[in-house]
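Residues per chain are reported as follows:
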Amino acid sequence: MEGSQQKVEANFLLLGAESVGKSALTVRFLTRRFIGEYGDIESIYSHTDRIDGRDICFNIWDSLCPQNDEGAGHISDRQLQWADGFILVYSICDRASFNVVRQQVKRIRQAKSKFPGAPPIVIVGNKRDLQHRRTVSSEEGRLLTLSTNCGFFEISAAETYHGVQLVFHELLDLIREARALKKGAAGIKGIVRSMSAVFGRKRTE
Ligand SMILES: Nc1nc2c(ncn2[C@@H]2O[C@H](COP(=O)(O)OP(=O)(O)OP(=O)(O)O)[C@@H](O)[C@H]2O)c(=O)[nH]1
């Protein structure tokens, strides 16, 4: 619940094929820096920012792409339950990584959601600085996000902090909208329950 003075906390899960820049995005957001090499560490980081006068705690799970038989697009039930929102990353120079994101959107859309509507997703085409090696057009990215109702950004984690910040803030907004909807739905259910209790009781009087 988001009271006026309460700290807001949200769980962000980063997914995508190998070497698309998931760690680069995470480290850029946490430190504002691009360090080039990141190693194979899977971690959950917590980071608090003050936005519009309120403390926002971002819990960020920088996942590793599965290397086993489950395949690159696999998402575990634990990850699905943990996440409030998803950042699906592909590289604009790697068509296979775009196909992995397609599979992942499908998997998330089929899973049971914490929210009344679809779970919030932002799709990110990373490595925009490598235009000369592009194999996935901006149009294709945009079409995928329009047809699946996701947010979309093309960015370069290597070049700027601003694009990365936009990604996290957009997903935060979508998560907060989804929570408000859930609260609204719970409120309506509560009203219906109270009304049935009152009318139910009257009928038996
Ligand atoms: N040119 C360019 N290189 C990038 C960008 N983002 C990441 N890289 C490079 O791409 C490589 C992989 O980046 P990572 O952040 O480790 O990718 P990852 O998706 O976390 O990889 P795994 O953890 O192995 O799944 C590294 O060499 C990064 O320096 C970018 O925006 N532009």
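For clarity, every value in this text was computed on a predicted model and none was experimentally measured.

## A closer look at the packing of helix H3 (residues 95-110) against helix H4 (residues 138-148)
Okay, so step 1: For the pair H3 and H4, the least separation of the axes is 12 Å and the interaxial angle reads 5 degrees. Comparing the axis directions of H3 and H4 gives the class roughly parallel. For the pair formed by H3 and H4, the contact residues are Arg95, Phe98, Val101, Arg102, Val105 and Arg109 on the first element and Glu140, Gly141, Leu144 and Thr148 on the second.
Okay, so step 2: Broken down by class, the residue content of the contact of H3 with H4 amounts to four nonpolar, two polar and four charged.

## Looking at the confidence of the model for the protein chain
Okay, so step 1: When pLDDT is averaged across the protein chain, the result is 88; 85% of the residues are at 70 or more.
Okay, so step 2: Here the complex is predicted with pTM 0.88, and the ipTM for its interfaces comes to 0.98.

## A closer look at the nonpolar core
Okay, so step 1: Counting residues in hydrophobic clusters, the biggest one holds 30 residues, and the most contacted among them are Phe12, Leu25, Phe58, Ile87 and Phe168.
Okay, so step 2: Per-element tally for this core: the top contributor is helix H5 (residues 162-204), with six residues.
Okay, so step 3: Setting aside chain neighbours within four positions, we find Phe58 in contact with Ala10, Phe12, Phe29, Tyr45, Ser46, His47, Asp49, Ile51, Phe168, His169 and Leu172.
Okay, so step 4: Grouped together as the second largest cluster of nonpolar side chains are 23 residues, Leu15, Leu80, Trp82 and Val101 included.

## Brief notes about the pairing of strand E5 (residues 121-126)
Okay, so step 1: Within E5, six of the six residues are buried, which leaves the element mostly enclosed by the surrounding structure.
Okay, so step 2: With burial as the criterion, each face of E5 is covered, one bearing Ile121, Ile123 and Gly125 and the other bearing Val122, Val124 and Asn126.
Okay, so step 3: With six bridges connecting them, strand E4 (residues 85-91) and E5 associate as parallel partners. Counterpart to Tyr90 in the pairing with E5 is Gly125.
Okay, so step 4: Handedness of the E4-H3-E5 crossover: right-handed.
Okay, so step 5: In this structure, E5 lies alongside strand E6 (residues 151-154), joined through four bridges in parallel fashion. Its bridge partner lying in E6, Gly125 is registered against Glu154.
Okay, so step 6: Tracing the backbone out of E5, into H4 and back to the parallel element E6 gives a crossover that is right-handed.

## What about the sheet that holds strand E3 (residues 54-62)?
To summarise the sheet geometry, strands pair through backbone hydrogen bonds and adopt either a parallel or an antiparallel arrangement.
Okay, so step 1: One open sheet holds the six strands; their spatial order is E2-E3-E1-E4-E5-E6, and the pairing between them is mixed. Both edges of this open sheet fall to strand E2 (43-51) and E6, since each of them pairs with a single strand only. Strand-to-strand, the axes of this sheet are offset by a mean angle of 25 degrees, without reference to chain direction.
Okay, so step 2: Across the face of the sheet, H3 comes into contact with strand E1 (8-16), E4 and E5 while running at roughly 160 degrees to E4.

## What about H3?
Okay, so step 1: Along its 16 residues, H3 runs 23 Å from first to last C-alpha, staying within 8% of the 22 Å computed at 1.5 Å per residue.
Okay, so step 2: Those residues of H3 hidden inside the fold are in contact with E1, helix H2 (77-82), E4, E5 and H4.
Okay, so step 3: Its side-chain oxygen at 3.1 Å from the backbone nitrogen of Ala96, Asp94 defines the N-terminal cap of H3.

## Here we look at the site of the ligand
Okay, so step 1: Within the structure, the ligand sits among 22 residues, and Lys22, Ser23, Ala24, Gly36 and Asp129 are positioned closest to it.
Okay, so step 2: Between the ligand and Ala157, the relevant distance is 3.0 Å, taken from an oxygen atom to a main-chain nitrogen or oxygen of the residue.
Okay, so step 3: Taken by itself the ligand offers 650 Å² of open surface, and the protein chains cover 85% of this.
Okay, so step 4: It is helix H1 (residues 22-31) that contributes the most residues to the shell around the ligand, three residues altogether.

## Focus on unusual backbone geometry
Okay, so step 1: Unusually for a residue other than glycine, Asp52 sits at a positive phi of about 50 degrees.
Okay, so step 2: Looking at the element boundaries, Asp52 is found in the loop between E2 and E3.
Okay, so step 3: Phi is positive for Lys127, which is not a glycine, with a value near 70 degrees.
Okay, so step 4: Inspection of the secondary structure assignment puts Lys127 in the loop between E5 and H4.

What counts, and at which threshold
Residues numbered from 1 in each chain as written. Predicted model: local features only at pLDDT ≥ 70, side-chain atom pairs only at ≥ 80, totals over all residues. Heavy atoms only, no water. Axes fitted to C-alpha atoms, helices over the stretch in contact; angles between N-to-C directions. Helix = DSSP H or I, 4+ residues; strand = E, 2+ residues; numbered from the N terminus. Parallel < 35°, antiparallel > 145°, perpendicular 65-115°, else oblique. Contact = heavy atoms within 4.5 Å. Nonpolar A, V, L, I, M, F, W, Y, C, P; charged D, E, K, R; others polar. pLDDT = per-residue confidence, 0-100. Core = buried A, V, L, I, M, F, W, Y, C linked by side-chain atoms within 4.5 Å. Buried < 20%, exposed > 50% of the residue type's maximum accessible area, 1.4 Å probe, protein only. Pairing = 2+ DSSP bridges. Right-handed = clockwise from strand over helix to strand, strands pointing away. Expected span 1.5 Å × (residues − 1). Polar contact = N/O pair within 3.5 Å; in protein donor to acceptor, adjacent residues only side chain to side chain. Near = heavy atom within 4 Å. Areas by Shrake-Rupley, 256 points an atom, 1.4 Å probe, with all protein chains shown as cover.

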